[in-house]
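Results of the structural survey
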Amino acid sequence: MAHWLYKSEPFKWSWEQQVAAAEKGTHWDGVRNHLAKQQLLAMRLGDRGFFYHSNEGKEIVGIVEVIKEAYPDPSDPSGKFVMVDLKAVAALKNPVSLAAVKAEPRLADMALMKFSRLSVQPVTDAEWDIVLEMAGGTR
């Protein structure tokens, strides 16, 4: 299983909205970056990712799971971009702030540090475990 990080501005789509979508989940659309598109194409059913509130909060707040692999994004008139469907799995016991990630030397190479503008990012298994440790697990 691969791990990912999905960035969303809470005023557009929040963790609370993702949780409210329940088992039905929701699509992760609107990605218009070719590297992020490649990340979406690499995702498989059951892959898990961190849900990150960007701009407001700037913190990892929960875990989501891929429930439908990449398919065409109808919001893209060019037909070049794709989306996946995600469902909420669990909230983190304690959100992990961007400041905390920056302060953790073991996360210095995390994509969140190197590609801060990328909306969909890979997370290594080691990074996944460190963030979960920092969060005190899930609720």
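So, here's what we can say about the structure. (Residues numbered from 1 in each chain as written. Predicted model: local features only at pLDDT ≥ 70, side-chain atom pairs only at ≥ 80, totals over all residues. Heavy atoms only, no water.)

1. With respect to helix α5 (residues 125–135)
Cut-off, in case you're wondering: Residue exposure (1.4 Å probe, protein chains only): buried if accessible area is under 20% of the type maximum, exposed if over 50%, otherwise partly exposed. Helix and strand assignments come from DSSP, with helices taken as H or I runs of at least 4 residues and strands as E runs of at least 2, each series counted from the N terminus. As used here, the arc is the angular range of directions from the helix axis to the C-beta atoms. Throughout, a contact is declared for two residues whenever any of their heavy atoms are within 4.5 Å.
Looking only at α5, the buried set comprises E127, W128, I130, V131 and A135. For α5, the angular spread of buried residues about the axis comes to 165°, placing them on one side. In this fold, the buried residues of α5 make contact with β1 (3–8), β3 (48–53), β4 (59–72), β5 (82–97) and β6 (120–123). One or two steps after α5, the chain reaches G136, where phi turns positive at roughly 75°.

2. Quick look at the packing of aromatic side chains
Applied cut-off: Classification of ring pairs uses Phe, Tyr and Trp, with its six-membered ring standing for Trp, and accepts pairs whose centres are within 6.5 Å; under 30 degrees between planes counts as stacked, over 60 as edge-to-face, and the remaining range as tilted. Any Lys NZ or Arg CZ found within 6 Å of a ring centre and within 35 degrees of that ring's normal is scored as a charge over the ring.
With the rule as written, the count across this model stands at four aromatic pairs. One aromatic cluster is present, built from ring pairs that chain together Y6, W15, W28 and F51. One cation-aromatic arrangement involves K37 over F81; the distance from NZ or CZ to the ring centre is 6.0 Å. In this structure, K68 packs its charged tip against the face of Y71, placed 4.0 Å from the ring centre.

3. What to know about the side chain of Q39
Along the chain, Q39 turns up in helix α2 (residues 34–42). Residues in contact with Q39, not counting those within four places in the same chain, are W4, V120 and P122.

4. Side note on α2
Stated formally: Polar contacts here mean pairs of N or O atoms no more than 3.5 Å apart (in protein, one a potential hydrogen donor and the other a potential acceptor; neighbouring residues in sequence count only if both atoms are side-chain atoms).
Regarding α2, the residues found buried are A36, K37, Q39 and L40. For α2, the angular spread of the buried residues around the axis is 155°, confining them to a single face. N-cap assignment for α2: the residue whose side-chain oxygen lies 2.8 Å from the backbone N of L35 is N33.

5. So, the pairing of β4
The side chains of a regular strand alternate between both faces of the sheet. Rules: Criterion used throughout: strands pair if DSSP finds at least two bridges between them.
Pairing analysis gives six bridges linking β3 to β4, with the strands arranged antiparallel. When the bridges of β4 are listed, F50 appears paired with I63. Where β3 hands over to β4, the hairpin turn is made up of five residues, of which N55 adopts a positive phi near 65°. In the sheet, β4 pairs with β5 via 10 bridges, with the strands oriented antiparallel. Bridged to V64 within β5 is A88.

6. A closer look at the nonpolar core
Put simply, the test is: Here, nonpolar core refers to any group of buried Ala, Val, Leu, Ile, Met, Phe, Trp, Tyr and Cys residues whose side-chain atoms link them within 4.5 Å.
By size, the foremost hydrophobic cluster in this structure holds 19 residues, and its most contacted members are Y6, W15, W28, L40, M43, L86 and V120. Residues contacting Y6, with those up to four places away along its chain left out, are W28, M43, G49, F50, F51, Y52, V64, V66, L86, S119 and V120. In terms of nonpolar packing, the next biggest core, distinct from the first, is built from 17 residues, V101, M110, V123 and V131 among them.

7. Re unusual backbone geometry
Peptide bonds are trans in most cases, and residues, glycine excluded, mostly fall at negative phi. One non-glycine residue with positive phi stands out, namely A22, at about 55°. Mapped onto the elements, A22 comes out in the loop between α1 (15–20) and β2 (26–28). Among the residues examined, A22 registers a relative accessible area of 42% and is labelled partly exposed. Of note in the backbone geometry, K58 takes a positive phi value of approximately 45° without being a glycine. Tracing the backbone through its elements, the reader meets K58 in the loop between β3 and β4.

8. Some thoughts on the sheet that holds β1
Stated precisely, the cut-off is as follows: In this description, a line fitted to the C-alpha atoms serves as the axis of each element, helices being fitted only across the stretch in contact, and the angle between N-to-C directions of two axes falls anywhere from 0 to 180 degrees.
Strands sit in the order β2-β5-β4-β3-β1-β6 across an open sheet of six strands; the sheet is mixed. Of all the strands in the sheet, the pair left with one neighbour each is β2 and β6. The mean inter-strand angle of the sheet, taken between neighbouring strand axes irrespective of direction, is 40°. Against the sheet, α2 makes contact with β1, β4, β5 and β6, and its axis sits at roughly 95° relative to β5, the strand it touches most. Seen against the sheet, α5 touches β1, β3, β4, β5 and β6 and runs at an angle of roughly 45° to β5.

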